[in-house]
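Spelled out from the first residue to the last, the chains are:
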Amino acid sequence: MDDLDRKIELLKTSLAATWGSLAKPSGSADDKCQMRAQAKRCSEELRRCLLIAEAKQTREHAKALSDQDGRTLPKPNFRLLSTDAAAEAAGPR
């Protein structure tokens, strides 16, 4: 897990905890206002990190596809034989 993944998980956890605290009836209006502001900042940062992770994954996928472009599997050399030709190739019995 790289730093970006850890940051995303931390932001998710923090956002869930903040919303959980907001759901409780205790706390002053000022505290709830500060928690909502924190949740908004956390959501924005999480969205930014998810966009970065998506761009990174897209770049890696594009690189993997471009690396594969020059390499194709060789074509198999199949020969179809009729039953008569197969009997002739097997020789006399």
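Scroll up a little and you will see the structure.
What counts, and at which threshold
- Residues numbered from 1 in each chain as written.
- Predicted model: local features only at pLDDT ≥ 70, side-chain atom pairs only at ≥ 80, totals over all residues.
- Heavy atoms only, no water.
- Core = buried A, V, L, I, M, F, W, Y, C linked by side-chain atoms within 4.5 Å.
- Buried < 20%, exposed > 50% of the residue type's maximum accessible area, 1.4 Å probe, protein only.
- Helix = DSSP H or I, 4+ residues; strand = E, 2+ residues; numbered from the N terminus.
- Contact = heavy atoms within 4.5 Å.
- Disulfide = S-S within 2.5 Å.
- Polar contact = N/O pair within 3.5 Å; in protein donor to acceptor, adjacent residues only side chain to side chain.

Colleague: Any chance you could explain the nonpolar core here in plain terms?
Modeller: Most often, soluble globular proteins have nonpolar side chains that are buried together. Core analysis: the largest hydrophobic core is formed by 8 residues, namely L4, I8, L11, L15, A39, C42, L46 and C49. Contributing elements (two or more residues each) for this core: α1 (3-23) and α2 (29-69). With near-sequence residues (within four places) excluded, C49 lies in contact with L4, K7, I8 and L11.

Colleague: Is there a simple way to think about the state of the cysteines in this case?
Modeller: As used here, a disulfide is simply a covalent bond connecting the sulfur atoms of two cysteines. For the structure on display, the rule yields 0 disulfides. No disulfide involves C42; its sulfur sits 9.3 Å from that of C49, the nearest cysteine. Overall, C49 belongs to the buried group, its relative accessible area being 1%.

Colleague: Even after reading the chapter, I still don't get the side chain of T18, so can you show me in this structure?
Modeller: Positionally, T18 belongs in helix α1. You can call T18 buried: its relative accessible area is 7%. A polar atom in the side chain of T18 sits 2.8 Å from the backbone oxygen of S14.

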